[in-house]
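Listed here are the chains, written in short residue letters.
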Amino acid sequence: MKPPLLLIGQGSNDDSGSAEFGRFVHRLRCRLDQAAADVSGGYIAKAKPRLSDSVASLVARGHHRMVVQPMNLAGDVWLGADIPSAIAREQEKHPMLTCDYGRPLGSDPRVLALLAERLADAAAEVASLRLVPAAAGSLDDEPERIEIGETAIVLVGDGSTNPETNADVHRVSRLFWETHAPEYMTVETAFVSLTPPGVPGGIERCRRLGAKRVIVVPYLLFAGGVLDRVWAQAMAYAAGHAELDVRCADVIGDCEGLADVVIDRYEEALSGIAW
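Just so it is clear, the model here is predicted, and its values are computed rather than measured.

Explain the sheet that holds strand E3 (residues 65–70) to me, please; I cannot follow it from the model alone.
Note: strands within a sheet are paired through backbone hydrogen bonds, in either parallel or antiparallel orientation. The sheet built from four strands is open, its strands ordered E2-E1-E3-E4 with parallel pairing. Edge positions in the sheet fall to strand E2 (37–43) and strand E4 (98–101), since each has one partner strand and no second. Averaged over all pairs of adjacent strands, the angle between strand axes in this sheet comes to 30°, irrespective of strand direction. Taken together, the four bridges between strand E1 (residues 2–9) and E3 define a ladder with parallel strand orientation. By the bridge assignment for E3, Ile 8 is matched with Pro 70. Strands E1, E2 and E3 of the sheet are contacted by helix H2 (residues 51–60), whose axis makes an angle of about 155° with E2. Packed on one face of the sheet, helix H3 (residues 82–93) meets E1, E3 and E4 and runs near 160° to E4.

Explain the sheet that holds strand E5 (residues 151–157) to me, please; I cannot follow it from the model alone.
Across the sheet, four strands lie side by side as E6-E5-E7-E8; this open sheet has parallel pairing. Strands at the two margins of the open sheet, each flanked by one partner only, are strand E6 (187–191) and strand E8 (245–248). Direction aside, neighbouring strands of the sheet carry axes that sit 25° apart on average. Pairing geometry for strand E7 (residues 213–218) and E8, over four bridges, is parallel. When the bridges of E8 are listed, Val 214 appears paired with Val 246. Those strands touched by helix H7 (residues 225–239) are E5, E6, E7 and E8, and its axis lies near 170° from that of E8.

Help me understand the pattern of salt bridges, please; the structure alone is not making it clear to me.
Working definition: two side chains of opposite charge can pair if their charged atoms are close together. Overall, the coordinates contain 21 salt bridges when judged by the stated rule. A salt bridge links Glu 267 to Lys 2; its shortest N-O distance comes to 3.2 Å. Here Lys 2 lies in strand E1 and Glu 267 lies in helix H8 (residues 256–271), a separation of 265 residues in the sequence. Take Glu 267: its relative accessible area is 31%, and that puts it in the partly exposed class. On the basis of relative accessibility, which here comes to 30%, the residue Lys 2 falls in the partly exposed class. The salt bridge partner of Asp 254 is Arg 27, with a shortest N-O separation of 2.6 Å. Of this pair, Asp 254 sits in the loop between E8 and H8 while Arg 27 sits in helix H1 (residues 15–32); the two residues are 227 residues apart in sequence, bridging distant segments of the chain.

Honestly, the side chain of Glu 90 in this entry has me stumped. Any pointers?
Along the chain, the position of Glu 90 falls in helix H3. Once residues within four sequence positions are removed from consideration, Glu 90 is found in contact with Ser 52, Val 55 and Leu 97.

Conventions and cut-offs
Residues numbered from 1 in each chain as written. Predicted model: local features only at pLDDT ≥ 70, side-chain atom pairs only at ≥ 80, totals over all residues. Heavy atoms only, no water. Pairing = 2+ DSSP bridges. Helix = DSSP H or I, 4+ residues; strand = E, 2+ residues; numbered from the N terminus. Axes fitted to C-alpha atoms, helices over the stretch in contact; angles between N-to-C directions. Contact = heavy atoms within 4.5 Å. Salt bridge = Lys/Arg side-chain N within 4 Å of Asp/Glu carboxyl O. Buried < 20%, exposed > 50% of the residue type's maximum accessible area, 1.4 Å probe, protein only.

What follows is the structure, given as structure tokens:
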């Protein structure tokens, strides 16, 4: 039997994010069942199941080696942060335990492709609204058509006190623009918290560049409290700028495409591929 895959999240007090994380763990469990590989998930803090409980359960089932995959997008900040420290504490409790790390999900081309799908969904929703017929007898003019070249994108990361992590989000924004959204006016970068520009600042920059529509694309894996803050900040800005059409895309979420990336990271870690 192969070593198990342990997915690690930072954790939050939001139940919807925890539920989606749990569904993704179940998806991977079904995918890797034929490969005779166990899959578990745990959080460092706040949410359940806790990392310590998940590790204890795997060890109790006879596993002493596992592949650890941090479920975050922005850079490799976890290498010097909470997750290695948390794993070290678990190894003190279970001295026979060894762990291999899957490399960051980050700017994998397939992650960018998933972001492009969420952008396309948001853009398609705009188009469908334009096709709704006006009420009978309405004298209102047809809404102004906004071309794709007049539409900007704001890619929103979680935000960090680590400059390298924030720089990585800027790098992804540029990659996303050049590989999946070259026809758009621009792709600007913003952050939910901890570092500027915030979501309103990112949208404002697009407005000053001449954009008539802005689509906010969260650079996040799962729904939850952070996504709610992204949307709230975007809609608060839109409320004060009626001349600008502001739309919001969804997160990457629990999907087969994300599962493909994580499974590849798992297989790489098992084979000892350097990165």
